[in-house]
Structures are given as structure tokens and as C-alpha cells.
There are 2 protein chains.
Amino acid sequence: MEIFKNKRVLITGGVGFIGSHLARKLVELGAKVTIVDSMIPRYGGNLFNIRDIRDQLKVNFSDIRDASANAHLVRDQDYLFNLAGQVSHIDSMTDPLTDLDINCRAQLILLEACRKYNPTIRLVYAGTRQVYGRPDSLPVTESHLVQPVDVNGINKVAGEYYHILYNNVYHIPSTVLRMTNVYGPCQLLKHDGQGFTGIFIRDAILGKPISIFGDGSQLRDFNFVSDVVDALLLSAAQDVAIGKVYNLGHSTHYSLKSFVDILSSLCEFEFNMVPFPEEKKRIDIGDYYSDYSLIKSELGWDPKVSLDDGLAETIRYYKEYIQHYLEEYPA
Amino acid sequence: MEIFKNKRVLITGGVGFIGSHLARKLVELGAKVTIVDSMIPRYGGNLFNIRDIRDQLKVNFSDIRDASANAHLVRDQDYLFNLAGQVSHIDSMTDPLTDLDINCRAQLILLEACRKYNPTIRLVYAGTRQVYGRPDSLPVTESHLVQPVDVNGINKVAGEYYHILYNNVYHIPSTVLRMTNVYGPCQLLKHDGQGFTGIFIRDAILGKPISIFGDGSQLRDFNFVSDVVDALLLSAAQDVAIGKVYNLGHSTHYSLKSFVDILSSLCEFEFNMVPFPEEKKRIDIGDYYSDYSLIKSELGWDPKVSLDDGLAETIRYYKEYIQHYLEEYPA
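Predicted, not measured: the structure shown is a model, and the values here were computed from it. (Residues numbered from 1 in each chain as written. Chains lettered and ligands numbered in written order. Predicted model: local features only at pLDDT ≥ 70, side-chain atom pairs only at ≥ 80, totals over all residues. Heavy atoms only, no water.)

S.K.: What should I look at first to understand the pairing of strand E4 (residues 79-82) of chain B in this one?
M.R.: Walk down a regular strand and you will see the side chains alternate between the two sheet faces. Residues and elements named next belong to chain B. Alternating positions in E4 separate into two faces, Tyr79 and Phe81 on one and Leu80 and Asn82 on the other, with burial throughout. As judged from the 4 bridges shared by strand E1 (residues 8-12) and E4, these two strands associate in the parallel manner. Note on E4: the bridge partner recorded for Leu10 is Leu80. (Buried < 20%, exposed > 50% of the residue type's maximum accessible area, 1.4 Å probe, protein only. Helix = DSSP H or I, 4+ residues; strand = E, 2+ residues; numbered from the N terminus. Pairing = 2+ DSSP bridges.)

As C-alpha cells, then:
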């Protein structure tokens, strides 16, 4: 990863979960990093995430919906890791237009800024496996039909398509990663809007009871955040990734119950299985795990961290720092 | 089609090409029709299209981006045929945000209006085969991957997904039709931004030379507008169509050259084949024709009008009325 040394790198959503880990790694690799974050209170930006690297990078507080700021920020950058987004599926249903403005409109604004002011910038976009919805077949390959089950999934796939289109038509070199359940230190825990991994990890740490719907047998794949950072860097570093959409994933799949079982070996909490509420069952996607053989064969990416090791590290982190991740969490 | 008698029907884009034909048919069937149109000069709304039915329906001039107007208009309607959109692929690349605001954002605004004020309205959305991009295999079925080749294709598929999502989650009964090349009387001819059928028909009528790139062997399927009106009505009338996405298409496929050959049997003009310009070749989608067996088997739709008959009727219409379709056409 010598390639990033002295390179100018912009990270949108850089004060958030994955963005802050990526920023730290790029600082270590000798890159000149600028992170952009809107600091919208309900979203993932948390200055505690960058407390140790704050002096080694530039922080620019702005919203990716801001066309003028984007136009200025993308100039003279070598790389753009585009991680900013509205990530809550629930919020996308209660406020679909905000989700659209951030996950579609702002993406197009940012790409237009690249087209006009820096068309050779190397771009990597954080997509999501959510675009597949309820899988027709497993494991899910990149040629599985897109059939999103919420507004967020629709807007995220439009965001992907824009990136690939600007690659194909304007030759702005772009790669899309469809991420699956990412977990680790620095994840948002302060509310329940960003998925079950954060909720379960938080409640395990706090010793609150954890409930699983149904028998907890639904399978998922999980990526520890450092493996996702590797995927982002490998994608930006290799030309074969240009214009591609890659699934991330993991060789081992776990049931939700096994996920909670690992947590219960690390923390004390009560664990219940409750009947599936009818309205949740209707939108449940069943099992999901991806086929990530494309990125494995083309970029050599293969996640190194097991769920046991990753959760142990995550719990160690939050046992020390949980108070910095609860500000908005109702007591 | 007794079902539409005395029913309240809203048509967005109702002063345009397909919308005005649909409105006329619904008036004949005894429906109480309201048409909505923004009358944006570059778009398809043309009052000449509804000259004969103006007194038999209500015309509401408003933009589908207008949330308050939508909220008022959808109340108490039984059916909503949602045809309004920015349809120019070229314009979507020069002004992507306007395309997004109309084809994504306004669709979500309209669906939110339905959810809040009329969740039992029966909705049919005009999608496009453009979402498939360059086909991987022919004929193209509904399970072909979506891989749009322009901003319009991306935003139109997001529009589709929103309709299906609001059907699945909020039970607003919706159907999506992926239309292929639609032609006929009342089509926009005043500029070159809406595809080759309008350009060729106009230039044939005006006796201007027509050029085809390459050898003109690219295959397409064509639907005469009355067949598309039938598909819209059948979709709205049958419950089996709820939540479905259907391809439209035609049993006979024609090369671009055959399309022009038919025109040349009806009009006098010069016809040239010119080498494919490199930048056009790069974005050309090759052959396209759809498999429309799903709508055929489920709704009994099968287009009745041959390309020969449809073009003859189209040319008859424009020979009489072309002056009403050229206002903005540079002389």
C-alpha cells in the first residue's frame, strides 16, 4: 500500500464508523487526508472516533448536499472514498425525501463536481447488500437481481448506478463495494436506527436484555471494519477494479443466535427469543450471505478477522469507551 | 372496459403524447378524467393533443414536483396513471439534477401523497426498457439485470422501485410497464431530444434527409400508441397486475433500416447510411427487443397494430397537423 504515500485523499463521512478507520489507516500509510462530515446529530459522525489522528489530517465540516463545498473539496485530490450517506433503513421510510436527497441527489452533485473539476479522481463508493432485498438464491452474486425492500435500498442502488455511469461515460474511475453487516469499534450505538449489530453490541455491553425474533436461525455474513478498510484500499489501488461492483462478504456465515451467543461469552446479559411480530415478518429478508469470489479473485481480498475475534475486540473497545457512544441514547 | 365508467381517473403528463391518447380513451369509456401537466416548454405537453376532448375532462396545470398540488389532486381519485416525466436521455446527461428531481424526487412526493391521502388509489407507472441498457441476452425478460446507460435510465428505475415498494409496504396497488419505442400521432417532434422515432417521422414528413448510423441493422420493437393505451388500461383493470413489472414489446422486430424503409413508402425524403461516430458507437445498445410473454399471459395484452399500419396512420395525422408540432423546431 505504498501507493497512498503522499497522495491526497478525500473521505466523505470521514468522522463516522468506517470513514474514521479508513482515515487512520491512510494517515499511517502517509497519505494527506481530508475528511468531510456533516455532523448531523442522528448520523454516525463522532469526533471521538478521530481523537488520536485529528492533528494528522484536515477536517472539513460540510454536507455532501452542498454543491459549492463539494466543488471546492474535490479539486486536486487523488482519491475519493465516498462513504457519506443516510444509512438507516427505518429513517428512509419515515423521511424518504431526506434519504433521497442524501443518497441520490447529493451523490449526483458530488459526481458532477468530479466531472467538472477533477475527472481523473479515483473514486470508491460504499454500497450495500441491502439493494438485493430478499435473496432469490444463496449465496448472492453480483448478478442477482436488485429488488430493494425499502427506500434506502432504492436510493443506494441509484447512487451505485450513478458512479458506474460516470465511470462508463465520463471515465471517472469508480468502484462500488456492496457491503454486508459491518461491525467494530466506533460504530454508532446511540439509537436503534442503524441495524441489529449496533443494538446487540450496545445492549450486551450495558447488560440489557437482548431479544431475537423467531428462532434466530437467519444466517448473515459479517465483516469486521478493518477488513472493509482493506477492501476499500485494494479497490482504489488496482485498475482492474475500475468500473466494477463487488460484493463484500465472509467465508463463515452465522445465525443471529450464534452472533448473540458469541456476545454472551463476552458480556453478561439476558437473552430471549420472542415470536416474530407479523409486521416484522413481512419485511424480513430471511437468510443472506454473499458470494464474494469476484473481489477475491480480482483484488485478492479475503477477510482475515473471524467473528469471534472481531466481536472480542469490539467489546474490549466499548467496555472502555462506551460513554462516548451513548450521548443520544435514551436512558 | 366497463370498469372505468364513472370512475375518477387522474393522468399525470396528460397533455403529452401517451397521456392524451389515454385520456381520450377514458373519456370514451365514461370515466371522469383529470389530467395534470406542467407544460414545461421542452416537454411533451401540447394542448393541440386534447383539442377535441378539452370540454370533457378537467385540466390541471401543475408540476409533479409540487407536493401541495399533488396532495390535493390525488384525493378521491380511483385511478392514477402516472405518465409525467423527463423523457430525454440527452437532457438527463446535460442536466442530471432536473431529471432526478422529476423522475425520482417527484415520484416519491406523489407516492407520499397517495400514502397519506388516498392509499387505495390504483396506480400504473410508465417505466421504460431503457433501464436494461445494453442487453446481455435477447429477447429481454423482466428478470434481465438493470444496467442503465444514462442518468434517465437510473432515475426511471428508481421511480419504478418506489412504486413497487409502496405497493409492497403500504399496499398502494401499483403496476409498472416498461415501455419500448412508442410512436404515433401527438408525439413530440419539435426537437431531437426524445429519440429517433420522432426525429425520423418528422424529417420524413418535412422531406428532410434521414441518416442512419452504421448499416441500420440494429433491431428494435415498436408499439403504436393505441396498443400502449390498451396495456395501461388492462393493467389498471386487473388485480393480477398489482405489484408487477411488465415489459411491453411486439411480436415483430424491425431493423432501423426497415423502419425508415416503411417511412419512405409513405413520404419522399433522402436516405443515407453514415459511419457510426465513435462517441455514439460507444453508447449504442445494439439490438433490443423484449419478451412480453408475462403481460400477454397474465393480462391478455398483445399489440394489434403492425408497424406498417401504425406508421401509415401516424404519417396521415402529421401530414394534416404537423404545424402544431413544430413550434420550437429550428427551421
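S.K.: Mind showing me how you'd approach the side chain of Ser174 of chain A here?
M.R.: All names here are of chain A. By secondary structure assignment, the location of Ser174 is in strand E6 (residues 174-179). Owing to a relative accessible area of 0%, Ser174 belongs among the buried residues under this scheme. In this structure, Ser174 is in contact with Arg122, Leu123, His163, Asn167, Ala241, Ile242, Gly243 and Lys244, ignoring residues within four places of it in sequence. (Contact = heavy atoms within 4.5 Å.)

S.K.: What's the story with the interface of chain B and chain A in this structure? I'm lost.
M.R.: With 31 residues of chain B at the contact, the number on the chain A side is 32 residues. Of the roughly 2,600 Å² buried where chain B meets chain A, counting both sides, 71% is carbon and sulfur surface. Counting the contacts that link chain B with chain A gives 2 salt bridges. Counting the contacts that link chain B with chain A gives 4 residue pairs in polar contact (both at pLDDT 80 or more). Broken down by secondary-structure element, the contributors of at least two residues to the side of chain B that touches chain A are helix H4 (96-117) and helix H5 (151-170) of chain B. At 12 residues, H5 of chain B tops the list of elements feeding residues into the side of chain B that touches chain A. Partitioning the side of chain B that touches chain A into residue classes produces 21 nonpolar, 5 polar and 5 charged. (Buried area = accessible area lost by both parts, 1.4 Å probe. Salt bridge = Lys/Arg side-chain N within 4 Å of Asp/Glu carboxyl O. Polar contact = N/O pair within 3.5 Å; in protein donor to acceptor, adjacent residues only side chain to side chain. Nonpolar A, V, L, I, M, F, W, Y, C, P; charged D, E, K, R; others polar.)

S.K.: Please explain the domain arrangement of chain A as it appears in this structure.
M.R.: Accessible area lost when the parts come together is the quantity often used to give the size of an interface. All names here are of chain A. Taken domain by domain, chain A consists of domain 1 (2-182 + 222-247) and domain 2 (188-220 + 252-288 + 306-325). Using only C-alpha atoms to locate each centre, domain 1 and domain 2 end up separated by 25 Å. Between domain 1 and domain 2, a total of about 2,100 Å² is buried, with carbon and sulfur atoms accounting for 59% of that surface. Contact with domain 2 buries area across many residues of domain 1, yet Phe48, Phe222 and Phe224 alone supply 31% of it, more than any other trio. Along the contact surface separating domain 1 from domain 2 lie 0 salt bridges. Secondary structure elements with two or more residues in the side of domain 1 that touches domain 2: helix H3 (89-94), strand E7 (181-183) and strand E10 (222-224). Considered class by class, the residues forming the side of domain 1 that touches domain 2 number 13 nonpolar, 9 polar and 4 charged. (Domains from an automatic or database assignment.)

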